[in-house]
Amino acid sequence: MTDQDMTRPAPLREAFPEDWHRYTPRQQIARYLGLLFAALVIGWSITSIDVIWEWVWDAPVQMADLFGRMVPPDATNLGTILLVLWETVNIATIATIFAVLISLPVAWLAAQNTTPNRATLWLGRIILVSSRSINTIIWALLFVAIFGPGIVAGIVAIMLRSVGFVGKLLGEAIEEIDPRPVEALEATGASRAKVILYAIVPQVMPTFWAVAILRWDINLRESTVLGLVGAGGIGLILQSAIDTFKWQEAATVLLCILGLVLLGEIVSAWLRRRIL
Amino acid sequence: MSAPADPASLPDRWSKPRMIRNPLLRWALWLAVAAYILGTIATLPIDWARVSQGFGRAARIFGGSIPPNFERSGLLIDGFLESLKIAVLASFGGVLISVPAAFMAARNIAPLPVFYLGRALIIVARSFHPVIVAILFVKAVGFGPLAGVLTLIVYSIGFVAKMLAERIEEIDFGQVEALRATGAPYLSVLFYAIFPQILPRLIGLSIYQLDSNLRASAMIGIVGAGGIGATLANAFGRYDYDFALAITIVIVGAILLSEAISGQIRKRI
């Protein structure tokens, strides 16, 4: 320590020590422990996973072989593919519209400040959680059993899955509104319906549109795989092309899906800019 | 400032300005949307006879699945542990690749050709649903957890690299300039000026991705990529609906649990 240090007042020395550490020793230890834990979990996974390691080293060769078979893409069935692609868009769009309509009352139930009582709050939450935690593919399996293979099962599956997502975000938006317009309307003796219509709806409108557009974008992606379990859309053609080893046609389908998703992203970005 | 309008010329009733001012265009748009919805729904091929049979079938599935059958819990636990391992390895590998990919895809530090390459990588990784990617990997490297890990690595890159690139684009550039002014080499700039700024986000994203990979690993097993989804698909295929329900209950429970845990961890970071 130098003389100069000794003359510095203690609080100053404490606030600006000579060698600066970003974390306190306790934080430092916690971070190392976290890192160690992560390393242990990764080590356990690598050593105990049921993988044939020869296949891992072989994987790049196999992948290159697979992609080699896809070139050049075969566009003879492009007409059919585009038609089914349109069907895929319809599945996503119709399902999103219905999901958004259904999620409105569910969000109203699941928001603490609008739900009539505790029982309805839990009812709303149970609907949201059960919808969100079961994957679209599993929903689709079930509805293919009910409606038979085809686009209807796909629409219902995507719709049920979306209600949880849209309803959750919408319910959170309702909980975050400014309560003053509600109080103002209540003070004038407005009916419950009027309060909702004039004090709550305008405040959640932007979120509503944003969530609907976001979900449409997601659903477009989800609807590309419905066909794999028989629930309509482009997945059906992809599956049959792969099963019959028509890799060049599969490549065309994959390119079409890529185009569809990109287009969906462009459209939803444009809509967001226009509406919000 | 313009002069206040003559009160007499103001309308008595105020109405909100419309987003599309031209009423003709507005109504045409509404009409087009209505026509699309009605047209699509009207042409839906619903075979009502099939649907009425379907309800019987659904009742049989549900009836067969209740009560859930936890007898083969050994199989269930094995499948679940495999899903966990797939998720852990895929998150680790995905994050490992995502970091350089994110640096490539950040406009403020990557040269233009590299930036386009990075962005293209992210777009392709994001565009394909994991189930499609899983099918391709299953065909390339065979059934089992390896295909699952590879699939979820691609899935992780699509999300982690995208979010991380956005974070890199938002960093405080003063620190980068300060280091560059001292003549620090490129790698030092990366490690001392950029990395500390994005590290918290990277950790948060990794934990989120682990959670999301666990969820996805249940789904990609249905096409043969290992994990609990494979167990579920087998049970469903063999009409073991009571076992399938048991698996579904465990999946939902595990997802809720991991969501709660990862939420807690992210809150503390």
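In what follows, the structure referred to is the one given above.
This one's a predicted model, so the numbers in the text were calculated from it and none came from an experiment. (Residues numbered from 1 in each chain as written. Chains lettered and ligands numbered in written order. Predicted model: local features only at pLDDT ≥ 70, side-chain atom pairs only at ≥ 80, totals over all residues. Heavy atoms only, no water.)

What should I look at first to understand the overall build of chain A in this one?
In terms of helices and strands, chain A carries 12 helices and 0 strands. Along chain A, helices (α) and strands (β) appear in the sequence α-α-α-α-α-α-α-α-α-α-α-α when read from the amino end. For a compact globule of 276 residues, the expected C-alpha radius of gyration is about 19 Å, and chain A comes in at 27 Å, more than 25% above that figure. If you line up chain A on its principal axes, its C-alpha atoms span 85 × 70 × 35 Å. Relative to its full complement of 276 residues, chain A shows a buried share of 43%. Considering only contacts in chain A between residues 6 or more positions apart, those separated by 24 or more positions represent 71%. Summing over all exposed atoms, chain A offers an accessible surface of approximately 15,100 Å²; the carbon and sulfur share of this is 69%. Averaging the locations of the 20 positively and 22 negatively charged side chains of chain A gives two centres separated by 9 Å. (Helix = DSSP H or I, 4+ residues; strand = E, 2+ residues; numbered from the N terminus. Rg over C-alpha atoms; globule rule 2.2 N^0.38 Å. Buried < 20%, exposed > 50% of the residue type's maximum accessible area, 1.4 Å probe, protein only. Contact = heavy atoms within 4.5 Å. Areas by Shrake-Rupley, 256 points an atom, 1.4 Å probe, with all protein chains shown as cover. Lys, Arg positive; Asp, Glu negative; His and termini not counted. Charge placed at Lys NZ, Arg CZ, Asp CG, Glu CD.)

How should I be thinking about the pattern of salt bridges in this particular structure?
The tally for this structure, following the rule as stated, stands at 12 salt bridges over all chains. For Glu169 of chain B, the salt bridge is made with Arg119 of chain B, and the minimal N-O distance between the two is 3.8 Å. On the criterion of sequence distance, the pair formed by Glu169 of chain B in helix α6 (residues 145-169) and Arg119 of chain B in helix α4 (residues 112-127) is long-range, its members being 50 residues apart. On the basis of relative accessibility, which here comes to 31%, the residue Glu169 of chain B falls in the partly exposed class. Residue classification places Arg119 of chain B among the partly exposed residues on the basis of a relative accessible area of 26%. When salt bridges with common partners are traced through the structure, they connect Asp217, Arg221 and Glu265 of chain A together with Arg126 of chain B into a single cluster. (Salt bridge = Lys/Arg side-chain N within 4 Å of Asp/Glu carboxyl O.)

Would you explain the interface of chain B and chain A in this entry?
Size of an interface: often given as the accessible area lost when the parts come together. Between chain B and chain A, the contact holds 54 residues from the first and 61 residues from the second. Among the residues chain B hides against chain A, the three largest losses belong to Tyr36, Lys85 and Leu136 of chain B. Together they make up 12% of the total. At the boundary of chain B with chain A, the tally comes to 2 salt bridges. The salt bridge involving Glu265 of chain A is made with Arg126 of chain B; its shortest N-O contact spans 3.2 Å. (Buried area = accessible area lost by both parts, 1.4 Å probe.)

Please clarify how helix α7 (residues 136-147) of chain A should be interpreted in this entry.
Residues spaced three or four apart along an α-helix face the same direction, because each turn holds 3.6 residues. Residue and element names in this part refer to chain A. For α7, with 12 residues, the first-to-last C-alpha span of 15 Å sits near the 16 Å given by 1.5 Å per residue. With respect to burial, α7 is a largely interior element, 10 of its 12 residues being buried. All of the buried residues in α7 are Thr136, Ile137, Ile138, Trp139, Ala140, Leu142, Phe143, Val144, Ala145 and Ile146. (Expected span 1.5 Å × (residues − 1).)

What exactly am I supposed to notice about the nonpolar core here?
As a rule of thumb, nonpolar side chains are buried together in soluble globular proteins. Residues Phe103, Ile168, Ile194 and Ile247 of chain B are the most contacted members of the largest nonpolar core, which totals 125 residues. Those residues in contact with Ile247 of chain B that lie beyond four places of it in its chain are Leu76, Ile228, Thr231, Leu232 and Ala235 of chain B. (Core = buried A, V, L, I, M, F, W, Y, C linked by side-chain atoms within 4.5 Å.)

Please explain the packing of α4 of chain B against α6 of chain B as it appears in this structure.
Between two packed helices, what matters for the description is the angle formed by their axes and the separation of those axes. Residues and elements named next belong to chain B. The N-to-C vectors of α4 and α6 enclose an angle of 140°; their axes lie 7 Å apart at closest approach. Between α4 and α6, the interaxial angle falls into the category oblique. As α4 packs across α6, the resulting crossing turns out to be left-handed. Each of Phe115, Arg119, Ile122, Ala125 and Arg126 in α4 lies in contact with α6, whose residues at this interface are Val154, Ile157, Gly158, Ala161, Lys162, Ala165 and Glu169. Classifying every residue of the contact of α4 with α6 by side-chain character gives 7 nonpolar, 1 polar and 4 charged. (Axes fitted to C-alpha atoms, helices over the stretch in contact; angles between N-to-C directions. Parallel < 35°, antiparallel > 145°, perpendicular 65-115°, else oblique. Left-handed = near helix turned anticlockwise from the far one by under 90°. Nonpolar A, V, L, I, M, F, W, Y, C, P; charged D, E, K, R; others polar.)

Help me out: how do you make sense of the side chain of Arg132 of chain A in this one?
Tracing the backbone shows Arg132 of chain A in helix α6 (residues 118-133). Take Arg132 of chain A: its relative accessible area is 19%, and that puts it in the buried class. Here Arg132 of chain A is in contact with Arg161, Gly164, Phe165 and Lys168 of chain A together with Arg215 and Glu259 of chain B, once residues within four sequence places are set aside.

Help me understand the packing of aromatic side chains in this model?
The geometry of an aromatic ring pair is captured by the separation of the ring centres together with the interplanar angle, meaning the angle of the planes. Taken as a whole and judged by the stated rule, the model has 9 aromatic pairs over all chains. An angle of 70° between the planes, with centres 6.0 Å apart, marks the rings of Trp86 of chain A and Tyr36 of chain B as edge-to-face. Highlighted residues: Trp86 of chain A in helix α5 (residues 78-110) and Tyr36 of chain B in helix α1 (residues 23-42), drawn from two different chains. Residues Phe159 of chain B and Tyr208 of chain B carry aromatic rings whose centres are separated by 5.3 Å and whose planes lie at 35° to one another, so their mutual orientation is tilted. A residue pair is termed long-range when its members are at least 10 positions apart, and Phe159 of chain B in helix α6 and Tyr208 of chain B in helix α8 (residues 186-220) qualify at 49 residues. A network of ring pairs unites the aromatic residues Trp139, Phe143 and Phe147 of chain A as a single cluster. The lysine or arginine in question, Arg125 of chain A, covers the ring of Trp122 of chain A, its NZ or CZ lying 5.8 Å from the ring centre. In this structure, Arg107 of chain B packs its charged tip against the face of Phe115 of chain B, placed 5.3 Å from the ring centre. (Phe/Tyr/Trp six-rings, centres within 6.5 Å; stacked < 30°, edge-to-face > 60°. Lys NZ or Arg CZ within 6 Å of the ring centre and 35° of its normal.)

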